[in-house]
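Here's the letter readout for the chains.
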Amino acid sequence: MAANGHSGGGDRPMDTVSGRFSPEAVAELEEIVSHYPDRRGAMLPALWIAQREYGGSLPAEAIKEVAERLGCPPVEVEGVASFYTMYNLGRRGRRHLEVCTCLTCAVLGAADTLRALEEKLGIKVGQTTPDGEFSLAEVECLNWCEAGTVVQVGGRYFGNVTPDKVDALVEQIRQIQDTEAVTQADQIVKVQLARRHDGTADG
Amino acid sequence: MASDLVNITINGTPLQVPAGEMIIESARRIGVEIPHFCYHPRLSKEAGANCRMCLVEVASPRKNPDGSVTLAKMPKPQTSCSLPAGEGMVIETETPAIIEARRGILEFLLINHPLDCPICDRGGECPLQNNTLHYGPPTTRYVEEKRHLPKAFPLSEHVVLDRERCIHCARCTRFAEDIAGDAQLGFLKRGADMEVSVRTGEQFTSLFSGNTIELCPVGALLSRSYRFRGRPWDLMTQKSICTECSNGCNIKLDHRAGRFVRVNARLNEDVNEEWTCDRGKFGMDYLSGPDRLTTPLVRRGNRFEAVGWDEAIRRVAEELGQAGRKSAFLGGIRSSNEDLFVMQRLFREVLGSSDLDHRVGPSFDAEPVIGVGQGQVARAPMSLVELEGLSLFISFGCDMAWEQPMAYLRVRKGWRRGALTIASVARHGTAEDERPSSLAPISAVRVRHDEGGELQVALRLLGEVLRQGGDGTAVPAELAAKAESAVTEQGADAEAVRRLALTLFEAGKGASDGRSVAVWIGEAARTNRQLPDILQTLSAALSAAGVHGVVQVPAMEVNEQGARDLGIAPTWLPGYEQADPAGRNSAEILAAVAQGDIAALWISGLDLATRYSDPAAAVRALESCPFLVVTDLSLTKTAQMADVVLPVTSVAERNGTYTNVEGRVQRFWKAYDPPAGVRQEWRIAAQIAARLGTEIHYASSREVLADIAARVPLYAGCGPDALGDGGVRWASALAGEVGR
């Protein structure tokens, strides 16, 4: 590869980057970047940080900021962000409900639960309520199969969700203060709604 | 070097190729064509091997435990565009397995392809269509719904995208990022939803976007202006030269029924390689513009009357004959060399006037090239290829991508290789700081100044260079003092100028021979007439200290260089022979017109009334001109003020030559007949001379060029038989170099 191989302005001094990264977030990113041979290698963690700093989604400014901080073209950052489903490019609610409809949850009635949630919130999967409070998404396995159907909201898992518990679930979610995106699996708080009536184990 | 060669066998033919060469390229050496889509020799291989079309079977020698060597066949077909040649490789490109694999790949590529060839612009010249015909399955087994996306999504002013047709080869994204330097295209989403795109809500604003249309191996990227305007098999193609700037890109001019249709790039390794810029690719529809003049016009009171050529020529000859020495010529920067040569003969030999100038508007009186050494060769502009090998390129008020698109690509190419440093001097808030296709983001040193600050920057730079070891012996004391005081002044760009001076010495160190540094002065800096003198002094001071460079005022219009070379100038004759007596320059000519000292003015191919640096002054002068004759394609503002307007042929309607920014004389060929009532400019000039009693007789453009080659030593190597398709740089011909 040519010595000046990249054209996206990778040499751009960091102090010219404007955006919403807090000093702590910048420090966090720089620490991560130090583990990679080049800055763009840190694209995925950088997008996670950006999603957190921008309140749970990646608007155009977030893409631009990541591009500038990593010294690569914004279109490449958007390409990566749109490749993975766990980055949110579109508008989403302050409380983003991700409903697992993968195998185990599906067997345990995830489709009905999802339909009940759609009815309760008045939106379809992929939409956001008009007040911007809730958005709904269908996701693959969340790795808590013994408590299916599982719904993830930010840093929390709700287990054993069934159509009849949807009202209570939504109320409980309304009370959540922390709606930030999670960055690490071990930070997830698991909330069992109730023991299943057939007596299977508590999560 | 023999040690770098390896022996391989392709389809039973043994051959030697450089180690590491991709097999697809090796196969070409012996005429074996391997079908492909994503591979392109000029694009990076980084995202390559993704179309999977170029599969081949490979066997490599393997050493057995007992020391014997056997051929081991790779278990799967390999992509030949990403397979480096190694010693002893045996490659097969036409085995049953490969034929089957290609059919499979094509069936895959066509799964979501709409097969709407009958309404696709690319149909008839489409690699996907051609390869499917040669290598593909005759039918599809796919019965499911194909993906549907909006047709003709506008990517930019010039390019539309049909994502249904895209096969995700990444040619366009690689071109935009690597060659043009505008990483605006990328792939969004994944799997079946993957699409090539600009960023959401943005546009493909690169100045080189049109190239992606030609690179696209399917009909996904299309020209908005050519869309649904023709089928390739209905078009005629002629070799031509782009007229939109001085770089002289070789183009294929496509036309139908006597009308211009579109421009495609024509390969010339020394000029444009296989690229064009958007200015040229989309800027030539004026050729079939509705406002083309088709008959001479003569003013009667305040309106024009269409007249025959006899009357028009008689009238112009009378007026010029009466004016004699008091006639003057301006422009000519869009005329061919043949036009210019005959025109200057008319003025100099027949009318006895030396008042000719091609430099109007933003071009100062400077020597075009301020170089090392003396004599004609020192006047030679540098070659485009030479730009790639520089150690330092300084853009001085030059919006490179816009003004000098192919030079921009060469500089970028040199920078990508890693040996070329770029510095840019420009006003605050210039276009290239805002838009893509710019050297600014890749410049190691950026000097930004306020409007009119060029001189200050140049003085400060001279001061810094003298301080840091430049040789000041030849610098006039007054200038040295000015430079010294400029260094001590406050200024926001002081640090940047200091770094620029350091960079200059740094660049000079490595290069022991010739030109290692080039300064190109662009349009924005040309208003300052003292600038070239200071830069010349600077160049001398650096040269004496071992840093050799060229300060160049590159031509900007299609034949501005030809006008220079052929003496459309008051102080020099064709070939830069000194003119005696010297005439007046454009500013002086206009002043003389206003004072009534010039009785007849001829303006050629130039809208002086809008292009002159002070348009109002130009209009005043033209209004007071006793007799104004204008030769042009259409009725410009200047032509509207004329007494006689003579319509001339366009580049598509005749044979001729232009000289590009590097002094390369290049031929263009007649594509179709001109409108009736339109004549070649040199023929008009010759007819006027004949009417005034002097025979300037040539039967054809070819004869004019032969005469130029015979009479102008500079062009001795550029006669009609020497030019070929790719043209000849006069400087190379003089230096005895062959082929360039």
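Residues numbered from 1 in each chain as written. Chains lettered and ligands numbered in written order. Predicted model: local features only at pLDDT ≥ 70, side-chain atom pairs only at ≥ 80, totals over all residues. Heavy atoms only, no water.

Caption draft 1: Representation of the overall build of chain A. For chain A, the helix and strand inventory stands at seven helices and five strands. Seen in sequence order, chain A has helices and strands lined up from the N terminus as α-α-α-α-β-α-α-β-β-β-α-β. The buried share of chain A, reckoned over its 203 residues, is 46%. Counting contacts in chain A only where the partners sit at least 6 residues apart, residues at least 24 apart contribute 67% of the total. For chain A, the accessible area works out to roughly 10100 Å², and carbon and sulfur atoms hold 51% of it. (Helix = DSSP H or I, 4+ residues; strand = E, 2+ residues; numbered from the N terminus. Buried < 20%, exposed > 50% of the residue type's maximum accessible area, 1.4 Å probe, protein only. Contact = heavy atoms within 4.5 Å. Areas by Shrake-Rupley, 256 points an atom, 1.4 Å probe, with all protein chains shown as cover.)

Caption draft 2: Quick look at the domain arrangement of chain B. Residue and element names in this part refer to chain B. Taken domain by domain, chain B consists of domain 1 (2–107), domain 2 (110–223), domain 3 (297–362 + 563–734) and domain 4 (369–552). Put simply, the middle of domain 1 and the middle of domain 2, counted by C-alpha atoms, are 27 Å apart. Each partner contributes residues to the interface: domain 1 has 18 residues there, and domain 2 has 23 residues. Surface buried jointly by domain 1 and domain 2 totals about 1800 Å² across both partners, of which 57% is contributed by carbon and sulfur atoms. On inspection of domain 1 and its partner domain 2, the count reaches one salt bridge. (Domains from an automatic or database assignment. Buried area = accessible area lost by both parts, 1.4 Å probe. Salt bridge = Lys/Arg side-chain N within 4 Å of Asp/Glu carboxyl O.)

Caption draft 3: The arrangement of the nonpolar core in detail. Residue and element names in this part refer to chain B. Ranked by size, the top nonpolar core spans 83 residues in total, and within it Leu-346, Leu-601, Trp-602 and Leu-608 carry the most contacts. Not counting chain neighbours up to four residues away, the residues in contact with Leu-608 comprise Leu-330, Val-360, Leu-590, Ile-603, Ala-618, Leu-622 and Thr-638. Core analysis: the next-biggest nonpolar cluster, separate from the first, contains 47 residues, Phe-208, Phe-393, Ala-401 and Ile-422 among them. (Core = buried A, V, L, I, M, F, W, Y, C linked by side-chain atoms within 4.5 Å.)

Caption draft 4: Main features of the domain arrangement of chain A. One can read the domain layout of chain A as domain 1 (23–89) and domain 2 (95–182). Using only C-alpha atoms to locate each centre, domain 1 of chain A and domain 2 of chain A end up separated by 26 Å.

Caption draft 5: The packing of helix α3 (residues 60–70) of chain A against helix α4 (residues 74–83) of chain A, seen in detail. Residues and elements named next belong to chain A. Two elements in contact, α3 and α4, have axes separated by 8 Å at closest approach and are oriented at 115 degrees. α3 and α4 meet at a crossing whose hand is right-handed. Where α3 approaches α4, its residues Ile-63, Val-66 and Ala-67 are matched on the opposing element by Pro-74, Val-77, Glu-78 and Ala-81. Residues that form the contact of α3 with α4 fall into these classes: six nonpolar, no polar and one charged. (Axes fitted to C-alpha atoms, helices over the stretch in contact; angles between N-to-C directions. Left-handed = near helix turned anticlockwise from the far one by under 90°. Nonpolar A, V, L, I, M, F, W, Y, C, P; charged D, E, K, R; others polar.)

Caption draft 6: Seen up close, the sheet that holds strand β4 (residues 156–159) of chain A. All names here are of chain A. What the five strands build is an open sheet, ordered β2-β1-β3-β4-β5; its pairing is mixed. Taken across any chain shown, the strands that pair with only one partner, and hence form the sheet edges, are β2 (134–139) and β5 (189–192). On average, each strand axis in the sheet is tilted by 25 degrees relative to the strand beside it, whichever way the strands run. Against the sheet, helix α6 (residues 110–121) makes contact with β1 (95–100), β2 and β3 (151–153), and its axis sits at roughly 165 degrees relative to β2, the strand it touches most. (Pairing = 2+ DSSP bridges.)

Caption draft 7: Expanded view of the pairing of strand β22 (residues 445–449) of chain B. All names here are of chain B. For β22, the tally of buried residues reaches four of five residues, placing the bulk of the element in the interior. With five bridges connecting them, strand β21 (residues 421–427) and β22 associate as parallel partners. Bridge pairing links Arg-427 to His-449 in β22.

Caption draft 8: Representation of the packing of helix α8 (residues 337–350) of chain B against helix α23 (residues 701–711) of chain B within the structure. Residue and element names in this part refer to chain B. The N-to-C vectors of α8 and α23 enclose an angle of 65 degrees; their axes lie 9 Å apart at closest approach. The orientation of α8 with respect to α23, classified from their angle, is roughly perpendicular. α8 and α23 meet at a crossing whose hand is left-handed. Touching Asn-337, Glu-338, Phe-341, Val-342, Arg-345 and Glu-349 of α8 are Ser-701, Val-704, Leu-705, Asp-707, Ile-708 and Arg-711, all from α23. The residue makeup of the contact of α8 with α23, split by class, is five nonpolar, two polar and five charged. (Parallel < 35°, antiparallel > 145°, perpendicular 65-115°, else oblique.)

Caption draft 9: Here's a closer look at a nonpolar patch on the surface. Residue and element names in this part refer to chain A. On the surface, Leu-44, Phe-83 and Tyr-84 cluster together to form a nonpolar patch covering roughly 240 Å² of accessible area. You can see Tyr-84 is positioned in the loop between α4 and β1. By relative accessible area, Tyr-84 is classed as partly exposed at 36%. (Patch = residues over 30% accessible without salt bridge, like charges linked within 9 Å, V, L, I, M, F, W, Y side chains within 5 Å.)

Caption draft 10: The state of the cysteines, seen in detail. Across all of its chains, the model carries zero disulfides over all chains by this definition. Sulfur of A:Cys105: no disulfide; nearest cysteine sulfur belongs to A:Cys100 and is 3.5 Å away. On the accessibility criterion, A:Cys105 (3% relative accessible area) is buried. This cysteine, B:Cys172, is not joined by any disulfide, and B:Cys169 carries the nearest cysteine sulfur, 6.2 Å off. You can call B:Cys172 buried: its relative accessible area is 9%. (Disulfide = S-S within 2.5 Å.)

Caption draft 11: A look at the confidence of the model for chain A. The predicted model of chain A averages 83 in pLDDT, with 81% of residues at 70 or higher. The model gives residues 1–14 of chain A a pLDDT under 50, and that stretch makes 29 contacts with residues more than four places away or in other chains. (pLDDT = per-residue confidence, 0-100.)

Caption draft 12: Fine view of the environment of B:Pro296. All names here are of chain B. If you trace the backbone, Pro-296 turns up in the loop between α6 (278–281) and β15 (297–300). For the pair Pro-296 and Ala-426, spaced 130 residues apart in sequence, the C-alpha to C-alpha distance is 44 Å. Once you skip the residues sitting within four places of it in the chain, Pro-296 turns out to touch Glu-305, Ala-306, Val-307, Gly-308, Trp-309, Ala-312, Val-645, Leu-646, Pro-647 and Gly-677.

Caption draft 13: Quick look at the packing of aromatic side chains. Residues and elements named next belong to chain A. This structure, assessed with the given rule, holds twelve aromatic pairs over all chains. Judged by centre distance (5.2 Å) and plane angle (50 degrees), the ring pair of Trp-48 and Tyr-87 falls under tilted. Within this pair, whereas Trp-48 is found in helix α2 (residues 43–53), its partner Tyr-87 is found in the loop between α4 and β1, the two being separated by 39 residues in sequence. Assessed through its relative accessible area of 7%, Tyr-87 is described here as buried. (Phe/Tyr/Trp six-rings, centres within 6.5 Å; stacked < 30°, edge-to-face > 60°.)

Caption draft 14: Just the sheet that holds strand β18 (residues 356–357) of chain B, in detail. Residues and elements named next belong to chain B. Here seven strands make up an open sheet; going across it, the order is β16-β15-β27-β26-β25-β17-β18 and the pairing mixed. Looking at which strands have only one partner, the edges of the open sheet turn out to be β16 (303–306) and β18. The sheet contact formed by strand β25 (residues 600–604) and strand β26 (residues 628–632) spans four bridges and is parallel. Along β26, the bridge assignment pairs Ile-603 with Val-630. Of the strands in this sheet, β15, β17 (327–331), β25, β26 and β27 (644–647) touch helix α7 (residues 309–323), which is tilted by about 125 degrees from β27.

Caption draft 15: Spotlight on α7(B). All names here are of chain B. When the terminal C-alpha atoms of α7 are compared, their 21 Å separation across 15 residues agrees well with the 21 Å that a helix rising 1.5 Å per residue should span. Buried residues along α7 sit in contact with β17, α8, β25, β26, β27 and α22 (681–691). Looking one or two residues beyond α7, the residue adopting positive phi is Gly-324, at roughly 55 degrees. (Expected span 1.5 Å × (residues − 1).)

Caption draft 16: Up close: the environment of B:Gly562. Residues and elements named next belong to chain B. Here Gly-562 shows up in helix α17 (residues 560–565). Here the alpha-carbon distance between Gly-562 and Leu-340, two residues 222 residues apart in the chain, equals 8.0 Å. Apart from residues lying up to four places away in sequence, Gly-562 is in contact with Asn-337, Leu-340, Thr-659 and Tyr-715.

Caption draft 17: Fine view of helix α16 (residues 531–544) of chain B. Residues and elements named next belong to chain B. Given a rise of 1.5 Å per residue, 14 residues ought to cover 20 Å, and the 20 Å separating the end C-alpha atoms of α16 matches this to within 8%. Among the 14 residues in α16, ten count as buried, and that is most of the element. Residues of α16 that are buried include every one of Leu-531, Pro-532, Ile-534, Leu-535, Thr-537, Leu-538, Ser-539, Ala-541, Leu-542 and Ser-543, and no others. Just past α16, the residue Gly-546 takes up positive phi, approximately 95 degrees.

Caption draft 18: Layout of the pattern of salt bridges. Residue and element names in this part refer to chain B. Inspection of every chain in the model, using the stated rule, returns 67 salt bridges over all chains. The residue Glu-269 makes a salt bridge to Arg-42 at a minimum N-O spacing of 2.8 Å. Taken together, the residues span a long stretch of sequence, with Glu-269 in the loop between β14 (259–265) and α6 and Arg-42 in the loop between α1 (23–29) and β3 (55–63) at a distance of 227 residues. A salt bridge links Glu-57 to Lys-73; the shortest N-O distance between them is 2.9 Å. Residue Glu-57 is located in strand β3, and its partner Lys-73 is located in strand β4 (residues 69–73); the two are separated by 16 residues in the primary sequence. In this structure Glu-57 comes out as buried when scored by relative accessible area, which is 15%. Among the ionic contacts, a cluster of salt bridges with common partners joins Arg-42, Glu-269, Glu-273, Glu-274, Glu-388, Arg-410, Lys-413 and Arg-417.

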